[in-house]
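Here are the chains, one letter per residue:
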Amino acid sequence: MKKKPSPRQRIENGTKASNAQTPGEWGRAWTADFLTMFGVIFMLTCCPVLVFYYLISCTHYQCELTTPVFKLYQGDVTLIQLWEYAPSLTLKGVVVYLSWFSLQVLLWYLPDVCHYVIPGYRGGICLGAITPAGNRLKYGVNGLQAWFISNGLFLANGLYFRWFSPTIIVDNYGSMLIMMNIMGYTVSVFAMVKAYLFPSFPEDRKFSGNLFYDFLMGIEFNPRIGKWFDFKLFFNGRPGIVAWTIINMSYAWKQYELYGYVTNSMILVNVLQAMYVVDFFWNEAWYLNTIDMHHDHFGFYLGWGDSVWLPTMYTLQGFFLVFHPVQLSQPAAAGVLALGLGGYYIFRAVNHQKDFFRRTNGQANIWGSKPRYLEVEYFSSDGKKRQSKLLLSGWWGVARHMNYTGDLMGSLAYCLACGVTHLHPHFYIIFMTILLLHRCIRDEHRCRAKYGSSWDKYIAKVPYRLIPMLF
């Protein structure tokens, strides 16, 4: 008779442990109180409007964000007239978007080759972290390969084949924005219905009792279709992040088409943001162990956010530079580059230290000496007591979220590359500051719930969140 697998083996095979019966103790952080509901309603109503407002401000008001509002207030324009500026759906835009999305689904299922041919790269079949209910899932990690193929095809077309115009994205931006919204809403509604009717892992669902909050933040932790199509990893990485660099290249091509040259600011934006994108895919296996994958459930926040918000609002700098080409002085360009590279170095070094610490179980040196750490215990929802280590050395002894500090430095560099004459391209640093400050609070709320009094001991040893000696 075949030997029955142990609970540990069942976890490693991508199934749940036998005693993982109850909903997750940690994961989605908040319940739906009055203040939270205000934020929920704001995000569900205002964010979709904002992406169209930014488009209209550039295409009809020279990227002046305040002009439409002032004109509306003064009676020079009506809401109906502003609505008429909204883009319409075109057949070409539909075909371009569906072709792109279909390509990303196809690339998702291709076996990963990069981990065989690129030294040091981790790809292929990887295990995720143990979920609150005790599941441990397998993922097919091949984002770097998808990025190489997608961007390679775009560059080969633009430089040689010319199957389509390399400005195709910016030329069909409005129609594609509508398609992005259709996809974002469709997948968000589907995820909501799926969570109730046919969840992939029922024990890892989380209900707040408030329909709007559950729609925004998600119910299912790891919704899947079949064994391998994981909603969270697919929409987090593809199609939005793969498209990020292609969208920026399309903007650069459009700038050249309009003015006959590409500004150093456009080059800086393309290079600095490409570094971030390639870094994400190079470390996609590591991403499986981040807060995003550990705690976020899949709802509108990720489904619509990754389909619409990420590819539009994260690429605002390039879009702005199409309408307002900025040529920085050499000292200014050097300063922006230094800020961006410095932010990237801190971001990567901080994350590398944590990953290195975990992989060596705290035995390898950090900054030339044995790492200090705090031993903590917690209970997962399967009732098991588990142990963890909170790092106190290196960057993690300087501040609790120094990786966010590096991220903010990079975000500021993208914005400063566009100069300081318009608010439009600086939305990104404002948004990222709010997002990461909120994430700091959200992360620590979860950690306190997870680790209890041990978390307070950790805070006493590492008192600063983002900026040493200040905050």
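Residues numbered from 1 in each chain as written. Predicted model: local features only at pLDDT ≥ 70, side-chain atom pairs only at ≥ 80, totals over all residues. Heavy atoms only, no water.

### Focus on helix α7 (residues 143-161)
For step 1, the next point in the chain: Where α7 is concerned, the buried positions are G143, L144, Q145, A146, W147, S150, N151, F154, N157 and G158.
For step 2, the next point in the chain: Here the buried face of α7 lies against α5 (91-109), α6 (114-117), β2 (138-141), α12 (240-259), α13 (264-282) and α14 (284-287).
For step 3, the next point in the chain: Count one or two residues on from α7 and you reach R162, which has phi positive near 60°. (Buried < 20%, exposed > 50% of the residue type's maximum accessible area, 1.4 Å probe, protein only. Helix = DSSP H or I, 4+ residues; strand = E, 2+ residues; numbered from the N terminus. Contact = heavy atoms within 4.5 Å.)

### Considerations on the layout of surface pockets
For step 1, the next point in the chain: Of the pockets and cavities examined, the second largest pocket occupies roughly 510 Å³.
For step 2, the next point in the chain: Around the second largest pocket, the lining comprises 23 residues; the ones closest to its centre are V96, W100, F154, F164 and I246.
For step 3, the next point in the chain: Elements represented by at least two residues in the lining of the second largest pocket include exactly α5, α7, α8 (168-171), α9 (173-197), α12 and α16 (300-313).
For step 4, the next point in the chain: Taken together, the residues of the lining of the second largest pocket break down into 18 nonpolar, four polar and one charged. (1 Å grid on protein atoms, 1.4 Å probe; cavity = no way out; pocket = protein on both sides within 12 Å on 5 of 7 lines; lining within 4 Å. Points joined across faces, edges and corners; volume = space filled by probe spheres on them. Nonpolar A, V, L, I, M, F, W, Y, C, P; charged D, E, K, R; others polar.)

### Considerations on the UniProt feature "transmembrane region" (unreviewed entry) in the chain
For step 1, the next point in the chain: Following the UniProt record, one finds the feature "transmembrane region" (unreviewed entry) at residues 34-56, 89-110, 146-164, 176-197, 258-278, 328-347 and 411-437.
For step 2, the next point in the chain: In the segment residues 146-164, helix accounts for 84% and strand for 0%; the C-alpha atoms at its two ends are 20 Å apart.
For step 3, the next point in the chain: For residues 328-347, the end-to-end C-alpha separation is 25 Å, with 90% helix and 0% strand making up the annotated structure. (UniProt positions renumbered as here; feature names shortened; annotations may be inferred.)

### Let's talk about unusual backbone geometry
For step 1, the next point in the chain: Each neighbour pair has its own omega, and for R238 with P239 the value is 10°, a cis peptide bond.
For step 2, the next point in the chain: Structurally, P239 is set in the loop between α11 (231-237) and α12.
For step 3, the next point in the chain: Here C63, not a glycine, exhibits a phi torsion of approximately 65°, which is positive.
For step 4, the next point in the chain: Looking at where C63 falls in the secondary structure, it is placed in the loop between α2 (34-61) and α3 (67-74).

### Some remarks on α16
For step 1, the next point in the chain: The end-to-end C-alpha separation of α16 is 16 Å, well short of the 20 Å expected for 14 residues at 1.5 Å each.
For step 2, the next point in the chain: Considering bend angle alone, the principal kink of α16 is centred on D306 and spans about 50°.
For step 3, the next point in the chain: The buried fraction of α16 is high, at 13 of 14 residues. (Expected span 1.5 Å × (residues − 1). Bend = angle between axes of the 7 residues up to and from the residue.)

### A few points about the confidence of the model for the chain
For step 1, the next point in the chain: In the predicted model, the chain carries a mean pLDDT of 89, and the fraction of residues at 70 or more is 93%.
For step 2, the next point in the chain: Contacts for the low-pLDDT stretch residues 1-26, under 50 throughout, to residues beyond four places or in other chains number 57 contacts. (pLDDT = per-residue confidence, 0-100.)

### Observations concerning the state of the cysteines
For step 1, the next point in the chain: Taken as a whole and judged by the stated rule, the model has one disulfide.
For step 2, the next point in the chain: Here C58 pairs with C63 through a disulfide, and the sulfurs are 1.9 Å apart. Here C58 and C63 share a disulfide; its torsion about the S-S bond, 105°, makes the bridge right-handed.
For step 3, the next point in the chain: Judged by its relative accessible area of 1%, C63 is buried.
For step 4, the next point in the chain: With no disulfide of its own, C47 has C46 as its nearest cysteine by sulfur position, at a separation of 7.0 Å.
For step 5, the next point in the chain: C47 gets classed as buried once you look at its relative accessible area, which sits at 12%.
For step 6, the next point in the chain: Here C126 stays unpaired: no disulfide links it, and the sulfur of C114, its closest cysteine neighbor, is 12 Å away. (Disulfide = S-S within 2.5 Å.)

### A word on the packing of α13 against helix α20 (residues 402-416)
For step 1, the next point in the chain: Between α13 and α20, the least distance of the axes is 10 Å, while the angle of their chain directions is 155°. Taken together, the axes of α13 and α20 are roughly antiparallel relative to one another. For the element pair α13 and α20, the recorded crossing hand is left-handed. Residue-level inspection shows V269, L272, Q273 and Y276 of α13 in contact with α20, the latter providing D407, A413 and Y414.
For step 2, the next point in the chain: For the contact of α13 with α20, the residue count by class is five nonpolar, one polar and one charged. (Axes fitted to C-alpha atoms, helices over the stretch in contact; angles between N-to-C directions. Parallel < 35°, antiparallel > 145°, perpendicular 65-115°, else oblique. Left-handed = near helix turned anticlockwise from the far one by under 90°.)

### So, the pattern of salt bridges
Oppositely charged side chains may form a pair once their charged atoms are brought near each other.
For step 1, the next point in the chain: Overall, the coordinates contain 13 salt bridges when judged by the stated rule.
For step 2, the next point in the chain: For K254, the salt bridge identified is with D171, shortest N-O distance 2.9 Å. Residue K254 is located in helix α12, and its partner D171 is located in helix α8; the two are separated by 83 residues in the primary sequence.
For step 3, the next point in the chain: Taking relative accessible area as the criterion, K254 reaches 15% and is therefore assigned buried.
For step 4, the next point in the chain: For E444, the salt bridge goes to R400, with nearest N and O atoms at 2.8 Å. Pair noted here: E444 is in helix α21 (residues 427-451) and R400 is in the loop between α19 (395-398) and α20, with a separation of 44 residues, a long-range link.
For step 5, the next point in the chain: Taken together, the salt bridges that share partners define one network made up of D296, R442, D443 and R446. (Salt bridge = Lys/Arg side-chain N within 4 Å of Asp/Glu carboxyl O.)

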